[in-house]
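The lines below spell out each chain.
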2 protein chains.
Amino acid sequence: MEREAFASLERISDVIGSGYGSSSSLVLDRERGELVKAPSKLEHKGVCHERSIEALRNHSEAERRRRARINSHLDTLRTVIPGANRKMDKAALLAEVIGHLKELRANATQACEGLMIPKDYDEIKVEEQEGGLNGIPYSIRASLCCEYKPGLLSDVRQALDALHLMIIRAEIATFGGRMKNVFLIISCNEHNFEDAEYRHFLSGSVHQALRSVLDRFSVSQDILATRKRRRISIFSSDFL
Amino acid sequence: MEREAFASLERISDVIGSGYGSSSSLVLDRERGELVKAPSKLEHKGVCHERSIEALRNHSEAERRRRARINSHLDTLRTVIPGANRKMDKAALLAEVIGHLKELRANATQACEGLMIPKDYDEIKVEEQEGGLNGIPYSIRASLCCEYKPGLLSDVRQALDALHLMIIRAEIATFGGRMKNVFLIISCNEHNFEDAEYRHFLSGSVHQALRSVLDRFSVSQDILATRKRRRISIFSSDFL
DNA sequence: CCAAACACGTGATCC
DNA sequence: TGGATCACGTGTTTG
């Protein structure tokens, strides 16, 4: 019964004396396929097995509760996942969960990339549109992210109008109380758009105009900006 | 079904003879706190334990592989979930997975219901708006689902203008080459909106106007209507 | 020391 | 039969 024991061995079972027996462990040495004595660190020789029984009972009950929690969550996962037939491997179920999770995540990111979702922080970006767009030699692409305000568009329009600029296309996305606008802006007048300095001046003017509009709106409601996003509604429209 | 055979019993341990001993099981009767002999159905007295050992080895190895699969999936879940700190309970992790799954699903459905996604088939719906909206005594809510056409809005506006009607609010959603528009329409003139017959006439006129606009647009592109939807971009805007 | 969490080996069960 | 999956009780570890 006493043989060597170490590295790659597997516990087979434990012996508990019928009444208050002494405890010892047996393990299976995998390479040799023999049963050997386990190297138990706590070799409580022959003690305290009236208490031990209650401890074991608590332990097993706790473990059962743990398993119940996990399996309960697995069951609810089975109901949440669309293709979750009631009889499915735990592993297969988890794989399915991973798949659906990635799919939903891909959809979300895809919906956010074509038209990004408003950020939590205010942001103004102005950049010259590369290459003439639709026969328009020069245009500015400006994006403005801020708290949702229905009347903001007309204000932006007015501010740009004062600069003799015009919005020829706008995309507006609202999301949980915030909004992101992307404007395509052109100049009403004829100008020398080859002049880099003038283009830079235009961009700066647009940025300044948007900033002033945003400042006018973002005076009262600031604390609620960090609220959690619950409702989602992304819209858009094309004006002409 | 018979999984719970030992309903109120807990197996404590199994005894395996030193070399090729006979096997027997001990269980803990939970109510009495005593160790009793387990009701083993396969009481292989003293047989075949050269093979049994190999069988056990295969069994335990298979079980280890199974655990590895499950835990592997759990690990990948830990990486997929945003708030998945590497050290998290299995149960807590699964709960988090369920939470994120429901959140994503809620987002998806909510994004589709608040502003429905365009159907694959063309559709025109006109209905009287219940209850005065924002002090407006009477209004018509019309929805139009069709192939995406940027210039459709102005055509609708013109058609309604001929009826002395006005769009006071519009929501436009585009999705994979199709679009769904919801218009809130009021009459420019003062009328007796208590007259049910007149209201019915108005609804019919709106429907007819939308139909004519839709017919004008849906002449050339019909076959591609049943294309699969890949890109998602839902937008909206409020005009004023 | 206890409580919780995990991996392990095993008996039972299903196909 | 055998392979695969599950629930169980236990040993071990961590805080």
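Residues numbered from 1 in each chain as written. Chains lettered and ligands numbered in written order. Predicted model: local features only at pLDDT ≥ 70, side-chain atom pairs only at ≥ 80, totals over all residues. Heavy atoms only, no water.

**Concerning the overall build of chain A**
Rule in force here: A run of DSSP states H or I qualifies as a helix once it reaches four residues; a run of E qualifies as a strand once it reaches two. Both are numbered from the N-terminal end. Classification of residues uses two cut-offs on accessible area relative to the type maximum, computed with a 1.4 Å probe and protein chains only: under 20% is buried, over 50% is exposed, and between them is partly exposed. We call two residues in contact when some of their heavy atoms are within 4.5 Å. Working definition of accessibility: Shrake-Rupley area with a 1.4 Å probe, residue cover restricted to the visible protein chains.
A count of helical and extended segments in chain A gives 4 helices and 7 strands. Along chain A, helices and strands appear, N-terminal first, in the series β-β-β-α-α-β-β-α-β-β-α. Counting only residues that meet the buried cut, chain A has 38% of its 240 residues in that class. Of the contacts made within chain A by residues no fewer than 6 positions apart, 55% connect residues no fewer than 24 positions apart. Accessible surface, chain A: about 14200 Å² in total, of which carbon and sulfur atoms supply 51%.

**A short note on the pairing of strand β7 (residues 178-187) of chain A**
Residue and element names in this part refer to chain A. Condition: Two strands form a pair only when DSSP identifies at least two bridges running between them.
Across the 10 residues of β7, 10 count as buried, placing the element largely inside the fold. Residue alternation in β7 divides its side chains into two sets, Arg178, Lys180, Val182, Leu184 and Ile186 and Met179, Asn181, Phe183, Ile185 and Ser187, and both sets are buried. Bridging between strand β5 (residues 140-147) and β7 involves 8 bridges; their strand directions are antiparallel. Each residue of the ladder has a partner; that of Cys146, found in β7, is Met179.

**Comments concerning helix α3 (residues 152-162) of chain B**
Spacing of three or four residues puts side chains on the same side of an α-helix, whose turn is 3.6 residues. Residue and element names in this part refer to chain B. To keep things clear, this is the line we draw: The reported arc concerns the directions from the helix axis to the C-beta atoms and nothing else.
Taken together, the buried positions of α3 are Leu152, Leu153, Asp155, Val156, Ala159 and Leu160. Down the axis of α3, the sector holding all buried residues measures 160 degrees, keeping them to one side. α3 presents Gln158, Asp161 and Ala162 as exposed residues on the side facing more than 90 degrees away from its buried surface. His164 lies just past α3 and shows a positive phi near 60 degrees.

**Quick look at the side chain of B:Ser203**
Structurally, B:Ser203 is set in helix α4 (residues 196-217). Contacts of B:Ser203, omitting those with residues within four sequence positions, involve B:Val126, B:Glu128, B:Tyr138 and B:Ile140.

**What to know about the packing of aromatic side chains**
All names here are of chain A. Let me state the cut-off plainly: Paired rings are identified among Phe, Tyr and Trp, the last through its six-membered ring, by centres lying within 6.5 Å, and are further divided according to the angle between planes into stacked (under 30 degrees), edge-to-face (over 60) and tilted (the rest).
Overall, the coordinates contain 2 aromatic pairs over all chains when judged by the stated rule. Summarising the aromatic geometry, the rings of Tyr198 and Phe201 are spaced 6.2 Å apart at their centres and angled 35 degrees between planes, so their arrangement reads as tilted. Of this pair, Tyr198 and Phe201 both sit in helix α4 (residues 196-217), separated by 3 residues, roughly a single helical turn. The buried category is assigned to Tyr198, whose relative accessible area is 18%.

**With respect to the packing of helix α3 (residues 152-162) of chain A against α4(A)**
Packed helix pairs are specified by the crossing angle of their axes together with the interaxial distance, meaning the distance between the axes. All names here are of chain A. Counted only if it meets this: Here an axis means a line fitted to C-alpha atoms, over the contact stretch when the element is a helix, while the angle between two N-to-C directions is reported on a 0 to 180 degree scale. By the definition used in this description, the sense in which the near helix is turned from the far one sets the handedness, with an anticlockwise turn below a right angle giving left-handed and a clockwise turn giving right-handed. Each residue gets one of three labels, nonpolar for Ala, Val, Leu, Ile, Met, Phe, Trp, Tyr, Cys and Pro, charged for Asp, Glu, Lys and Arg, and polar for the others, Gly among them.
The interhelical angle for the contact between α3 and α4, taken along N-to-C directions, is 145 degrees, at an axis separation of 9 Å. For α3 against α4, the interelement crossing comes out right-handed. Every residue of α4 that contacts α3 at Leu152, Asp155, Val156, Ala159 and Leu160 is listed here: Val206, Ala209, Leu210, Val213, Arg216 and Phe217. When the residues that make up the contact of α3 with α4 are grouped by side-chain class, the tally is 9 nonpolar, no polar and 2 charged.

**Some words on the environment of B:Glu147**
Residues and elements named next belong to chain B. Tracing the backbone shows Glu147 in strand β5 (residues 140-147). Classification of Glu147 by relative accessible area gives buried; the value is 18%. Separated by 28 residues in the primary sequence, Glu147 and Lys119 place their C-alpha atoms 9.7 Å from one another.

**Points about the pattern of salt bridges**
Residues and elements named next belong to chain A. Formally: Salt bridges are identified by distance alone: a Lys or Arg side-chain nitrogen within 4 Å of an Asp or Glu carboxyl oxygen.
For the structure shown, the criterion picks out 12 salt bridges over all chains. Among the salt bridges present, the one from Arg66 reaches Glu63, with a minimum N-O distance of 2.9 Å. Of this pair, Arg66 and Glu63 both sit in helix α1 (residues 49-80), 3 residues apart, roughly one helical turn. One salt bridge connects Glu123 with Lys180, and the closest N-O pair in it is separated by 3.8 Å. Linking Glu123 in strand β4 (residues 123-128) with Lys180 in strand β7, this pair joins segments that are 57 residues apart in sequence. The exposure class of Lys180 is buried, given its relative accessible area of 1%.

**Some details on α4(A)**
All names here are of chain A. Stated precisely, the cut-off is as follows: One less than the residue count of a helix, multiplied by 1.5 Å, gives the span that helix is expected to have. For this analysis, a polar contact is any N or O atom pair within 3.5 Å, provided that within protein one partner can donate a hydrogen and the other can accept it, and provided that sequence-adjacent residues contribute only side-chain to side-chain pairs.
In this model α4 runs 32 Å from its N-terminal to its C-terminal C-alpha over 22 residues, within 8% of the 32 Å that 1.5 Å per residue would give. Those residues of α4 that sit buried are Tyr198, Leu202, Ser203, Ser205, Val206, Ala209, Leu210, Val213, Leu214 and Phe217. The buried residues of α4 occupy an angular sector of 165 degrees when projected down its axis, which confines them to one face. With respect to the buried face of α4, the exposed residues turned more than 90 degrees away are Glu197, His200, Phe201 and Gln208. The residue sitting at the N-terminus of α4 and contributing the capping side-chain oxygen is Asp195; that oxygen lies 3.0 Å from the backbone nitrogen of Glu197.

**Description of unusual backbone geometry**
Excluding glycine, most residues fall at negative phi; most peptide bonds, likewise, are trans. Residue and element names in this part refer to chain A. Non-glycine residue His164 carries a positive phi angle of around 60 degrees. With respect to the helices and strands, His164 occurs in the loop between α3 and β6 (165-175). Note on His164: relative accessible area 46%, which makes it partly exposed.

**A closer look at the confidence of the model for chain A**
All names here are of chain A. This is how it is decided: On a range of 0 to 100, pLDDT expresses the predictor's confidence in each residue.
Chain-level statistics for chain A give a pLDDT mean of 70 and a share of 59% at 70 or above. When mean pLDDT is compared element by element in chain A, α3 scores highest at 91, while strand β1 (residues 9-15) scores lowest at 35. For the stretch residues 1-28, pLDDT sits under 50, and the model shows 79 contacts to residues farther than four places along the chain or on other chains. Contacts of residues 220-240 to residues separated by more than four positions or lying in other chains number 61 contacts, the stretch itself having pLDDT below 50.

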